[in-house]
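Given next are the chains, with one letter for each unit.
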Amino acid sequence: MSTESLNPLVNAQKQIKAACDLLGLDPAVYEMLKEPMRVLEVSIPVRMDDGSLRVFKGWRSQHNDALGPTKGGIRFHQNVNLDEVKALSMWMTFKCGVLGLPYGGGKGGVCVDPTKLSKRELEQLSRGYIRAIATIVGPALDIPAPDVGTNAEIMAWMVDEYSKIKGYNSFGVITGKPLILGGSKGRTDATGYGVALTAREGAKRLGMDFNKCTVALQGFGNVGSYSGLYLHRLGGKVIAVTDVFGGIYNKDGIDIEKLMEHVKKTGSVVNFPGTTSINNEQLLSLDVDILALCALENQITADNADTIKAKMIVEGANGPVTPEADKILDSKGIFVCPDILTNAGGVMVSYFEWVQNLTNLYWSEEEVKQRQEEGMVEAFKAVYDLAQQYKVNMRTAAYMISIKRVYEAMKARGWV
């Protein structure tokens, strides 16, 4: 397989081009959307516990701010690179657009394995990163959030560091914070809840009884675990789960709440009582109703798309299916709920958090959940209806809706 086919930036550009062409937009629109408007590369020196000094490379990409300030997570992962950060910022633009949020897309990342750092080193890196990008972020400029390898605690350190720089508390600069620092109820599980809601809506359209749906779940981090929990609570039967260490299978279903407790104690889904072991390859090719992809990008490629037997795929991760694989899945009649719709629950509740920070008026968890469900069901319906109208797949329809919104904002502002 070519390296290009696994490059998330190339894949994001292909997806944008396809939607621009279907909408019949001027080529200038694609030219403006195929690259971020701004990328900052930074070097972050950190004094390690052994006294040595290490310098980490980081980035912040801001794709397009026609609709509002840019918004997107900060990823700490050993494979983070410039093209990935750019692609993720582009996907964020369209994720916000498909939900009708007043945001453009941003994304940040540091090339580091956070599990290899002590807590003090991780804090120093987190504070160093936000200091390095402080000039281009802010509640009205660009609002970061947690992503792979980061969490609410890291966001708290970053908010504190940013507030020190400003000389006053600026809680609205970052979302996904602890509740005590202006976080929103319902934010931690928002992405997973959104994945489950999307799966439920997809099952309805396919005429499937959700209470009889079997689910295979790839990934059991924050997104995967809460996706599993809500898929389970909404009536689905999760029969297989994998994480970075291995996987488990039980045809009669897995108790996700107990599995979450097991993972908290042991650090992995492996050896969960009452299950047999399964690897990633086996999980992806299981004959299930729903395959939930909640790990990293490029999981289904031209090499393995033929082995997929699921009736529906929900993309909890960003970019887990390559464009080449998409064509194969399409030809097999597999219904794919795309990432920019499926995992948009996180940014939706991040938006709610930002609004609460700006107004200093805080909502109950019930209100957050209700608003999220209404927003995601409405977005799903719009994408599904457009897909039927244009006879295209859900991914293309989601891009068409989103790109049309961004284009209209750029046109109104006189950019194109």
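Residues numbered from 1 in each chain as written. Predicted model: local features only at pLDDT ≥ 70, side-chain atom pairs only at ≥ 80, totals over all residues. Heavy atoms only, no water.

*Asks:* I'd love a proper account of the overall build of the chain, names of residues and values included.
*Replies:* When its secondary structure is counted, the chain shows 14 helices and 12 strands. Its C-alpha atoms give the chain a radius of gyration of 20 Å, within 12% of the compact-globule value 22 Å for 416 residues. Dimensions of the chain along its principal axes, counting C-alpha atoms only, are 55 × 55 × 45 Å. Residue burial in the chain is summarised as follows: out of 416 residues, 59% are buried. (Helix = DSSP H or I, 4+ residues; strand = E, 2+ residues; numbered from the N terminus. Rg over C-alpha atoms; globule rule 2.2 N^0.38 Å. Buried < 20%, exposed > 50% of the residue type's maximum accessible area, 1.4 Å probe, protein only.)

*Asks:* Give a description of the environment of Asp142 that names residues and reports values.
*Replies:* Summarising the element assignment, Asp142 is placed in strand E5 (residues 142–146). For Asp142, a relative accessible area of 0% translates into the label buried. Taking C-alpha positions, Asp142 is 21 Å from His77, a pair spaced 65 residues apart along the chain. Ignoring any residue separated from it by four or fewer positions in sequence, one finds Asp142 in contact with Arg60, Gln62, Pro69, Thr70, Lys71, Gly106, Ile136, Val137 and Val173. Within the structure, Asp142 has its side chain in polar contact with the side chain of Arg60 (distance 2.8 Å). (Contact = heavy atoms within 4.5 Å. Polar contact = N/O pair within 3.5 Å; in protein donor to acceptor, adjacent residues only side chain to side chain.)

*Asks:* An account of the pattern of salt bridges is requested, with residue identities and associated values reported.
*Replies:* Tallied over the entire structure, the rule returns 34 salt bridges. Between Lys311 and Asp289 there is a salt bridge, with the nearest N and O atoms lying 2.9 Å from each other. Taken together, the residues span a long stretch of sequence, with Lys311 in the loop between strand E10 (290–293) and strand E11 (312–315) and Asp289 in the loop between helix H9 (280–284) and E10 at a distance of 22 residues. Taking the shortest distance from any N to any O, the salt bridge between Arg371 and Glu367 comes out at 2.9 Å. Residue Arg371 and its partner Glu367 are located together in helix H13 (residues 365–390), separated by 4 residues, close to a single helical turn. Residue classification places Arg371 among the partly exposed residues on the basis of a relative accessible area of 35%. When its relative accessible area of 28% is taken as the criterion, Glu367 is described as partly exposed. (Salt bridge = Lys/Arg side-chain N within 4 Å of Asp/Glu carboxyl O.)

*Asks:* Tell me about the side chain of Gln13, and please be specific about residues and values.
*Replies:* Inspection of the secondary structure puts Gln13 in helix H1 (residues 8–23). Polar contacts involving the side chain of Gln13 include one to the main-chain carbonyl oxygen of Lys34, which spans 2.9 Å. Setting aside residues no more than four positions away along its own chain, Gln13 makes contact with Tyr30, Lys34, Glu35 and Met90.

*Asks:* Which residues make up the packing of helix H6 (residues 190–205) against helix H7 (residues 222–233), and what are the values?
*Replies:* Where H6 contacts H7, the axes come no closer than 7 Å and their chain directions differ by 45°. Between H6 and H7, the angle falls in the class oblique. When the axes of H6 and H7 are compared, the crossing they make is right-handed. From H6, Thr191, Gly192, Tyr193, Val195, Ala196 and Ala199 reach across to H7, where they touch Val223, Tyr226, Ser227, Tyr230 and Leu231. When grouped by side-chain class, the residues that make up the contact of H6 with H7 number 8 nonpolar, 3 polar and no charged. (Axes fitted to C-alpha atoms, helices over the stretch in contact; angles between N-to-C directions. Parallel < 35°, antiparallel > 145°, perpendicular 65-115°, else oblique. Left-handed = near helix turned anticlockwise from the far one by under 90°. Nonpolar A, V, L, I, M, F, W, Y, C, P; charged D, E, K, R; others polar.)

*Asks:* Tell me about the sheet that holds strand E8 (residues 246–249), and please be specific about residues and values.
*Replies:* On the basis of which strands lie adjacent, the open sheet formed by 7 strands has the order E9-E8-E7-E6-E10-E11-E12 and mixed pairing. Taken across any chain shown, the strands that pair with only one partner, and hence form the sheet edges, are strand E9 (276–277) and strand E12 (335–337). Looking at chain direction, strand E6 (residues 214–218) and E10 are connected through 4 bridges and run parallel. Bridge pairing links Ala216 to Leu291 in E10. (Pairing = 2+ DSSP bridges.)

*Asks:* Now, about helix H3 (residues 82–99): what can you tell me, with residues and values included?
*Replies:* Under the 1.5 Å per step criterion, the end-to-end length of H3 is 26 Å for 18 residues, consistent within 8% with the ideal 26 Å. The element H3 is extensively covered by neighbouring structure, given that 16 of its 18 residues are classed as buried. One side-chain oxygen at the N-terminal end of H3 lies 3.1 Å from the backbone nitrogen of Asp83; it belongs to Asn81. (Expected span 1.5 Å × (residues − 1).)

*Asks:* Which residues make up the packing of aromatic side chains, and what values do they have?
*Replies:* Applying the stated criterion across every chain, the model contains 9 aromatic pairs. Ring centres 6.1 Å apart and planes at 50° place the aromatic pair Tyr351 and Phe352 in the tilted group. Judged by relative accessible area, which is 7%, Phe352 ranks as buried. Cluster of aromatic residues (ring-pair linked, three or more members): Tyr103, Tyr351, Phe352, Trp354 and Trp363. A cation over a ring is seen here: Arg205 above Tyr384, with NZ or CZ 5.3 Å from the ring centre. (Phe/Tyr/Trp six-rings, centres within 6.5 Å; stacked < 30°, edge-to-face > 60°. Lys NZ or Arg CZ within 6 Å of the ring centre and 35° of its normal.)

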